[in-house]
Amino acid sequence: KTTKMQVRALTADTTFAGHTDYVLGLCVGPDSTWAVSVSKDNTVRRWCLRDPDHYAATDVYSSATKGSKHIVRPAATWEGHTAPVKGVGCCAYAPSGATVLSGSADHTCKLWNAEKGDCLATLAGHKKAVTGCCFSADGKLCLSSSKDKTLRLWDVATTNCVGIIEGHATPLTSCTLGSKNGHAACCSTDGKACILDVATKATVTTLVAHTESALCCKFSPDDQLLATCSDDKTTKVWDAKSGAAVATLSGHKFSVNCCAFSPSGLFLVTASDDQTLKIWNTKTWEAVAVCHGHSWPVSTCAFSPCGSFLLSGSYDQTLKLWPLDKQFN
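Novice: Describe the pattern of salt bridges, with residues and values.
Specialist: Applying the stated criterion to the full structure yields two salt bridges. For the salt bridge of R8 with D325, the shortest nitrogen-to-oxygen distance reads 2.9 Å. Pair noted here: R8 is in strand β1 (residues 8-10) and D325 is in the segment after β30 (318-323), with a separation of 317 residues, a long-range link. Note on R8: relative accessible area 30%, which makes it partly exposed. When the shortest N-O distance is used, the salt bridge between R45 and D41 registers 3.4 Å. Like R45, the residue D41 is buried in the burial classification.

Printed below as a string of structure tokens:
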């Protein structure tokens, strides 16, 4: 007889307040000390995760910060993206931690000095909003996805576009790069996800993943699995090599906006319009924890590289840090 694991309720101990519109994306630096977020307020903001007292915000109180042990203000705000329809939608830390990439509705990506906040380069070429961006494991390439239905590969050293991947029928919503397998993945508003060979730009597998828009895709740390999540309220997990379905995760009441694997690969987190995050065990595919605390839809999430906390961002204009004990490492 097997007993179903009880779903734990996790509590956020730190709220990061400073954005003036929806938080749309976030990333945690490789040393788990700094994070960067992007927002519909057209800014990129940098946050210190390790010293909440130094950056304490004493004048920010709202339903979104209620119950937090610490309320933290931004360490820096970077401006430079411009768009008729405001919104910086995605961001990624370079593996070295020295630079940050952001993607915007202004059709560009920008490369920033992570410490000083200087804009080092603007990567222009997409014809519509950039919806996803990420670095390769060695930091030499970055990938962007766009509503223009294309993926673009960029050489980080020269900032030149070194490849355009076309052929998608509908706007792309997200992209990701494998750490070891030489593959990329993207998903789109027609509910499909594609796994591609970066070197040849050829499609390896097309997954008819969801019945509504697929919103995010992420490889597991060992590149064996691909997770996709959707407006259809589900997250699906696939064998990245064969394309076979591995699991369907149901439980959120509304759209699932983002998913991310833990550094160990033993857990997967999902963020939803239902204002919650759920953590799933990747061996049993059962939900093992739920995070209540955001007062609006949760748009983005990530585990810290050290594995000791989870970070989330929301339409309530805040980020929240959720400490994790050894069960999740």
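Novice: I'd love a proper account of unusual backbone geometry, names of residues and values included.
Specialist: Positive phi, close to 80°, is recorded for H107, a residue that is not glycine. Within the secondary structure, H107 is located in the loop between β9 (99-104) and β10 (108-113). Here the phi dihedral of T159 falls at roughly 60°; this positive angle occurs in a residue that is not glycine. Topologically, T159 is positioned in the loop between β14 (151-155) and β15 (161-165).

Novice: Now, about the sheet that holds strand β29 (residues 309-314): what can you tell me, with residues and values included?
Specialist: An order of β6-β2-β30-β29-β28 is seen for the five strands of this open sheet, with the pairing classed as mixed. The open sheet has two edge strands, β6 (70-72) and β28 (298-303), and neither has a second partner. Neighbour-to-neighbour, the strand axes of this sheet turn through a mean angle of 20°, independent of strand direction. Taken together, the four bridges between strand β2 (residues 14-17) and β30 define a ladder with antiparallel strand orientation. In the strand pairing of β30, T14 is matched with L321.

Novice: Describe in detail the side chain of N113, supporting the description with residues and values.
Specialist: By the secondary structure assignment, N113 is in strand β10. In terms of polar contacts, N113 uses its side chain to reach the backbone amide nitrogen of K116, at 2.8 Å. Ignoring sequence-local partners within four residues, the contact set of N113 consists of W78, A98, D118 and L120.

Novice: Account for the sheet that holds strand β18 (residues 192-197), with residues named and values stated.
Specialist: On the basis of which strands lie adjacent, the open sheet formed by four strands has the order β16-β17-β18-β19 and antiparallel pairing. Each end of this open sheet is capped by a strand with a single partner; those strands are β16 (172-177) and β19 (203-208). Geometrically, the sheet is characterised by an average inter-axis angle of 15° between neighbouring strands, direction not taken into account. Examined bridge by bridge, β18 and β19 share five bridges and lie antiparallel to one another. Each residue of the ladder has a partner; that of C194, found in β19, is T206.

Definitions and limits used
- Residues numbered from 1 in each chain as written.
- Predicted model: local features only at pLDDT ≥ 70, side-chain atom pairs only at ≥ 80, totals over all residues.
- Heavy atoms only, no water.
- Salt bridge = Lys/Arg side-chain N within 4 Å of Asp/Glu carboxyl O.
- Helix = DSSP H or I, 4+ residues; strand = E, 2+ residues; numbered from the N terminus.
- Buried < 20%, exposed > 50% of the residue type's maximum accessible area, 1.4 Å probe, protein only.
- Pairing = 2+ DSSP bridges.
- Axes fitted to C-alpha atoms, helices over the stretch in contact; angles between N-to-C directions.
- Polar contact = N/O pair within 3.5 Å; in protein donor to acceptor, adjacent residues only side chain to side chain.
- Contact = heavy atoms within 4.5 Å.

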